[in-house]
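Below are the chains, spelled out letter by letter.
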Amino acid sequence: MSADIAVPHAAPDAASAARTPTGLAGTGTTITSGLLPRINGPGDLRRLPPDRLPELAGEIRRFLVDKVSATGGHLGPNLGAVELSIALHRVFASPRDAIVFDTGHQAYVHKILTGRQGGFDRLRQAGGLSGYPSRAESVHDIVENSHASTALSYADGLTRAFQLRGHTDRHVVAVIGDGALTGGLALEAVNNLGAAPGRPAIIVLNDNGRSYAPTVGGLASHLAALRRPGRDSGNPSPRPDGPNVFESLGFSYLGPVDGHDIGALEGALRQARALRRPVVVHAVTVKGKGYGPAENDRADHMHGIGVLDPATGRPRDAAGAAPPSWTSLFADEMTVIGAEHPGVVAITAAMPGPTGLAEFAARFPDRFFDVGIAEQHAVACAAGLALNGMHPIVAMYATFCNRAFDQALMDVALHRLPVTFVLDRAGITGPDGPSHHGMWDLVLLGMIPGLRIAAPRDATRLRELLHEAVGHDGGPTVVRYPKASAGPDIAATRRLGGPDGVDVLSHTGDQALLVAVGPLAGPCVAAAAQLRHHGVGVTVVDPRWVTPVSPVLVELAATHHLVVTAEDGLRTGGVGTAIATACADAGLTTPVRTLGLPREFVGHGERAHLLAAAGLDHRSITASVLEAVHLGVPDRPADPGPGPAHAGAHPAASRPTAPVPAPARGAGPIGGWS
Ligand SMILES: Cc1ncc(C[n+]2csc(CCOP(=O)(O)OP(=O)(O)O)c2C)c(N)n1
Ligand SMILES: CC(=O)[C@@H](O)[C@H](O)COP(=O)(O)O
Ligand SMILES: [Mg+2]
């Protein structure tokens, strides 16, 4: 039985939540009375009598709605994990026992129960609480990576280490969602964990039937069958008579358990703990549980929200129409491309809405494929589609493309297949922190032979480049853009080198050639205007296709005294480095200074602030060019890697970029060498 925030559950939409009974859903007050303030750690929780737990769960739900509606974050997943997190910390003794959260977006309740209630006013803000587990915050936190489907592999490693260290009295619990379970890595771990009866791992499957949208695939159907008690004739997914998938792979199976009944959950977890063998506890939960606007949100049960009015569930900033996001521009153009190109198909890894493919899916359902949280499979599947005459567009967040690098390299590029990768959240994303910044793609994918990368500077270029990418059938293409609103169009004064050529955005002289990658064109044009006041003449260009390097850029470099490149990606190994190499290969001595992100894990914060900290705002770009022009500073030595600003670094590049803090404890293992 869950402790609901008493809002009308039958509410068909957020508006009806406005009739919320008084003093409940998200009152905006900080809870200072009741049980929650008395919970400063799992020990306090374990001392609570069971009959007070539903009351605590209700307080936690009100806390979540109050806090997350004020900061933004993952509301739906955490509302669904309230009772589960309470039961976990009552049955297992973190940090001696290791509790690992897959993806980590559902770990807010875990944080509330482990002494961090006070941090939620600055959730996901620079210097504030991370939106994911963070070892710098607590010894109770283990995995900081928010890429899905890793928890079971961690569990495999943790149990092996506990066994080697003789800590057979300590438990490893991996909490994984039904969506994350569709990731290949999870299945690789299942293959290992189930085959190790002497090395017990406890998998807690948090099954709400959804990723963002309903989870897809045969595994999802199997779980649906398991969720349904008994077997009835009308059941489209009959409960399997024989062993289920987990039992067939060597696990004991406990479930389905009501994921909002703390007593039932505790019973199952205690049973799992006593089994001393690999076991799956199948908890059935509701995403958004207990808060009407989330439970009734048909899109994604408020998976991730911005700032909203807790009483109604409506966004606070809905009044002021924001300029279109890159995602919405892509979504619109995909329907045009879908109509013009019958050979174009679209693939998502469980993120149709967030990547902007929902409209395409509605218009062209036969040409849209959601493969689950399975980016590697998405890309290899795209290779299969392309081998058979289609032109797949694989839309994903740049950071999640990291794990499909080998498929892009060896399954797509090696076969010179016409697959287009559309990478949203490329570059600094902001509040989701280090494992969400899409700052690796220009280096990773820039290494791939025959692959072309485009970085549109504005909406017009996005539309142009998408059509150019779809029209290119000689190999893979990439179109990448950030988590932001697209700025106003920046018209070119000239195009040099034909359709694939370089756009000249402004020209005031030839002391410096400023090469802008994508949306950094805006800051570069602004910097050029400032530099003119300093008597420095600059040519600002946008190559549009940033990889491979256009020969026009090398020709332009030969007619300028300095080249400065600016990219929302790593400062070394990306576009700037490739331009410097191309100039050197052409025998030019023109110094090239590359501006970009440091080779560090950049913490969470606002995108604009993090870009400025990395020297990528117009003032820093101006300063970099001035310094290079006046001091004739040659390019600095290769980036020595993370650590204090190296000698000779440009001030802008040496500014702290909120790197991820070190773990709170020493480098020792989980829970210390006790
Ligand atoms: C590799 C990877 N791809 C995509 C995502 C984006 N993402 C974040 S949460 C989520 C859905 C997770 O579903 P599930 O595991 O069922 O957890 P739930 O939100 O339902 O609790 C996705 C796709 C991710 N974090 N990692
Ligand atoms: C947890 C996860 O990977 C995503 O939900 C992530 O929070 C992306 O959020 P945005 O879609 O707001 O970038
Ligand atoms: Mg789920």
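For the protein, an unreviewed UniProt entry supplies the name 1-deoxy-D-xylulose-5-phosphate synthase and the organism Streptosporangium minutum. Its UniProt record, at the heading Catalytic activity (unreviewed entry), says of the protein: "D-glyceraldehyde 3-phosphate + pyruvate + H(+) = 1-deoxy-D-xylulose 5-phosphate + CO2". Looking at the Subunit (unreviewed entry) heading of the UniProt record, one finds this comment for the protein: "Homodimer."

K.L.:
Can you lay out the coordination of the magnesium ion (ligand 3) for me, pointing to particular residues and giving the numbers?
P.N.:
Looking at the magnesium ion (ligand 3), one finds its protein donor set to be Asp-178 (OD), Asn-208 (OD1) and Arg-210 (O), positioned 2.0 to 2.2 Å from the metal centre. Considered as a linear motif, the donors of the magnesium ion (ligand 3) on their single chain read D-x29-N-x1-R. One end of the pair, Asp-178, is in the loop between β2 (172-177) and α8 (184-193); the other, Arg-210, is in the loop between β3 (202-207) and α9 (218-227), with 32 residues separating them in the sequence. Residue Asp-178 shares its accessibility class with Arg-210, and that shared class is buried.

K.L.:
Before we move on, could you go through the packing of aromatic side chains and cite the residues and values that matter?
P.N.:
To describe a pair of aromatic rings, you give the distance between the ring centres and the angle between the ring planes. Inspection of every chain in the model, using the stated rule, returns 8 aromatic pairs. On the numbers, 5.8 Å between centres and 15° between planes, the contact of Tyr-397 with Phe-400 is stacked. Here Tyr-397 falls in the buried class, since its relative accessible area comes to 6%. Exposure remark for Phe-400: the relative accessible area of 10% places this residue in the buried category. Connected via pairs of aromatic rings, a cluster forms that spans Phe-63, Tyr-108 and Phe-120. A cation over an aromatic ring shows up here: Arg-367 above the ring of Phe-364, its NZ or CZ 4.6 Å from the ring centre. In this structure, Arg-452 packs its charged tip against the face of Trp-545, placed 4.2 Å from the ring centre.

K.L.:
For the environment of Leu-520, give the residues involved together with the corresponding values.
P.N.:
Tracing the chain through its elements places Leu-520 in the loop between β16 (512-516) and α21 (521-533). Residues Leu-520 and Thr-565, 45 residues apart in the sequence, show an inter-C-alpha distance of 9.9 Å. Ignoring sequence-local partners within four residues, the contact set of Leu-520 consists of Ala-566, Glu-567, Asp-568 and Leu-616.

Quick notes on the rules
- Residues numbered from 1 in each chain as written.
- Chains lettered and ligands numbered in written order.
- Predicted model: local features only at pLDDT ≥ 70, side-chain atom pairs only at ≥ 80, totals over all residues.
- Heavy atoms only, no water.
- UniProt positions renumbered as here; feature names shortened; annotations may be inferred.
- Donors = N, O, S within 2.8 Å, 3.2 Å for Na, K, Ca; no water.
- Helix = DSSP H or I, 4+ residues; strand = E, 2+ residues; numbered from the N terminus.
- Buried < 20%, exposed > 50% of the residue type's maximum accessible area, 1.4 Å probe, protein only.
- Phe/Tyr/Trp six-rings, centres within 6.5 Å; stacked < 30°, edge-to-face > 60°.
- Lys NZ or Arg CZ within 6 Å of the ring centre and 35° of its normal.
- Contact = heavy atoms within 4.5 Å.

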